[in-house]
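Structural features, examined
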Amino acid sequence: QASAKLGEQNDSSNDPAIFELRRTDVLSGNRLKHPGNALYKNLLIKYAPEIGETEINTVVAKVSKSIAAQDPPGRFINSIGKAQLRGDQIHKRIAKSLRDVFKRAK
């Protein structure tokens, strides 16, 4: 089987395999040295205070859109770095992280 080019996904399955991580990606786990994770943490800190004033789904969307708006677009990557998280998985992850940051800030 030929190796995939940068950014290509594995066409043989529905698993969107990641062949090279981007600096804009958010990696699962506590990897704050990765630039995408550092940005993600800063976005959580920035938007967490809006919880309670704004519907959580709106706050989650702001974080998600900020990650996706980077160049190249940031992706949420699973803990083994082999697949992108999708819709509901991303929403749950961001919502949980926002609540955690909000609780710590109190």
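Residues numbered from 1 in each chain as written. Predicted model: local features only at pLDDT ≥ 70, side-chain atom pairs only at ≥ 80, totals over all residues. Heavy atoms only, no water.

With that out of the way, let us pick up the overall build of the protein chain. Regarding its fold elements, the protein chain presents 3 helices and 2 strands. Mapped from its N terminus to its C terminus, the protein chain presents α and β elements in the order β-α-α-β-α. The proportion of buried residues among the 106 residues of the protein chain is 37%. Total accessible area on the protein chain is roughly 6,900 Å²; 51% of this is exposed by carbon and sulfur atoms. (Helix = DSSP H or I, 4+ residues; strand = E, 2+ residues; numbered from the N terminus. Buried < 20%, exposed > 50% of the residue type's maximum accessible area, 1.4 Å probe, protein only. Areas by Shrake-Rupley, 256 points an atom, 1.4 Å probe, with all protein chains shown as cover.)

Our focus in this paragraph is helix α3 (residues 87–105). Relative to the 27 Å expected for 19 residues at 1.5 Å per residue, α3 spans 27 Å between its end C-alpha atoms, a close match to the ideal helical length. Regarding α3, the residues found buried are I90, R93, I94, A95, S97, L98 and V101. In the core, the buried residues of α3 are packed alongside β1 (26–27), α1 (35–47), α2 (56–68) and β2 (76–77). (Expected span 1.5 Å × (residues − 1). Contact = heavy atoms within 4.5 Å.)

On to the nonpolar core. Burial of nonpolar side chains together is a common tendency in soluble globular proteins. One finds Y40, Y47, V63, I67, F76, I94 and L98 to be the most contacted residues of the largest nonpolar core, which totals 18 residues. Elements represented by at least two residues in this core include exactly α1, α2 and α3. The leading source of residues in this core is α3, at 5 residues. Ignoring any residue separated from it by four or fewer positions in sequence, one finds Y47 in contact with V59, K62, V63, S66 and L98. (Core = buried A, V, L, I, M, F, W, Y, C linked by side-chain atoms within 4.5 Å.)

Once that is clear, we can look at the pattern of salt bridges. What the rule picks out here adds up to 4 salt bridges. Between D25 and R75 there is a salt bridge, and its shortest N-O distance comes to 2.7 Å. Of this pair, D25 sits in the segment before β1 while R75 sits in the loop between α2 and β2, placing them 50 residues apart in sequence. Given a relative accessible area of 9%, R75 falls into the buried group. The salt bridge partner of K92 is D88, with a shortest N-O separation of 3.2 Å. Of this pair, K92 and D88 both sit in helix α3, 4 residues apart, roughly one helical turn. Looking at K92, the relative accessible area reads 54%, which means it is exposed. (Salt bridge = Lys/Arg side-chain N within 4 Å of Asp/Glu carboxyl O.)

Another point: the packing of aromatic side chains. All told, the structure shown has 1 aromatic pair when counted by the stated rule. Both rings, one in Y40 and one in F76, keep their centres 5.6 Å apart while their planes meet at 85°; by these two values the pair is edge-to-face. Linking Y40 in helix α1 with F76 in strand β2, this pair joins segments that are 36 residues apart in sequence. Both residues of the pair, Y40 and F76, belong to the buried class. (Phe/Tyr/Trp six-rings, centres within 6.5 Å; stacked < 30°, edge-to-face > 60°.)

Bringing the confidence of the model for the protein chain into the picture now. Taken over all residues, the pLDDT of the protein chain has a mean of 82, while the share at 70 or more is 81%. The weakest mean pLDDT in the protein chain belongs to β1 at 92; the strongest belongs to α2 at 96. Taken together, the stretch residues 1–16 has pLDDT below 50 and engages in 20 contacts with residues farther than four places along the chain or on a different chain. (pLDDT = per-residue confidence, 0-100.)

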